[in-house]
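Geometric and topological summary
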Amino acid sequence: MNSPRAVSAGKEKKMSTSWDDVINTAKNLRKTYHRENQSLQETIRKICQKNNIRIDYGIHGEKAKHNGNHWTITLPLDSSQVRDNFTIAHEFGHIFLRHPCDINNEIHRSGERNKREVQANLFAAEFLMPKEEFTQAAREFNNDEQKLAGKFEVSQAAALVRLSALR
């Protein structure tokens, strides 16, 4: 897998990414780094190590910043591990889908529901809760979002959204 690179606003032609491209990019990232019976934290660690991505915590969390030769994903100081898992996967989406940075070389949550944010959310959902695996687990657990959340190391809210989206 090619290393992610910074894409500054206006410096590169805008890339059009289809929904299938988003899903396939998430699937390929997971396939490359995740192994059966491996924790999500280990998968994230491998991705970060191989792609020069650092995880940090700060007051202004939920963003990715390109710092010359590496990316830093900043997480909020007061969030849970399962929330952090989704945030990290969401920021991976921005990075690996090569969404453009702002003039400060950052990609941060704007609060807007725009195409890039929806793509990053879809990427995170597919990366953390792959459709086939999640659908099978949902049948096994009788759509119990608490059990699904535990299995996929996400919040119950994320599991419920994924359940609703896949119905």
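Structure shown above.
Our subject in this report is the structure included herewith. Just so you know, these numbers come straight off a predicted model, no measurement behind them.

Basis of the calculations
Residues numbered from 1 in each chain as written. Predicted model: local features only at pLDDT ≥ 70, side-chain atom pairs only at ≥ 80, totals over all residues. Heavy atoms only, no water. Helix = DSSP H or I, 4+ residues; strand = E, 2+ residues; numbered from the N terminus. Contact = heavy atoms within 4.5 Å. Buried < 20%, exposed > 50% of the residue type's maximum accessible area, 1.4 Å probe, protein only. 1 Å grid on protein atoms, 1.4 Å probe; cavity = no way out; pocket = protein on both sides within 12 Å on 5 of 7 lines; lining within 4 Å. Points joined across faces, edges and corners; volume = space filled by probe spheres on them. Nonpolar A, V, L, I, M, F, W, Y, C, P; charged D, E, K, R; others polar. Phe/Tyr/Trp six-rings, centres within 6.5 Å; stacked < 30°, edge-to-face > 60°. Lys NZ or Arg CZ within 6 Å of the ring centre and 35° of its normal.

Topic: the environment of Gln156
Take Gln156: it is sitting in helix α7 (residues 156-166). Put simply, Gln156 and Glu145 are eleven residues apart on the chain and 5.7 Å apart in space, counted from C-alpha to C-alpha. When sequence neighbours within four positions are dropped, the list of residues in contact with Gln156 reads Glu145, Gln146 and Ala149.

Side note on the side chain of Glu91
Summarising the element assignment, Glu91 is placed in helix α3 (residues 81-96). Residue Glu91 is classed as buried on the basis of its relative accessible area of 1%. The residues contacting Glu91, other than those within four sequence positions of it, are Glu62, Lys63, Ala64, Ile73 and Ile107.

Section: the layout of surface pockets
The computed volume of the largest pocket comes to approximately 370 Å³. Lining the largest pocket are 17 residues, and of these Phe86, Asn121, Ala125, Val161 and Arg162 lie nearest its centre. For the lining of the largest pocket, the element with the highest residue contribution is α7, accounting for five residues. For the lining of the largest pocket, the residue count by class is nine nonpolar, two polar and six charged.

Notes on the packing of aromatic side chains
Tallied over the full model, the rule gives four aromatic pairs. Ring plane angle 45° and centroid distance 5.3 Å describe the contact between Phe134 and Phe152, whose orientation is recorded as tilted. Note that Phe134 is positioned in helix α5 (residues 131-140) and Phe152 in helix α6 (residues 145-152), a separation of 18 residues in sequence. Just as Phe134 is buried, Phe152 falls in that class too. Put simply, the rings of Phe92, Phe96, Phe123 and Phe127 pair up and form one aromatic cluster. Against the face of Trp19 rests Lys115, its NZ or CZ located 6.0 Å from the ring centre. Above the ring of Phe152, the side-chain terminus of Lys151 is found at 5.6 Å from the ring centroid.

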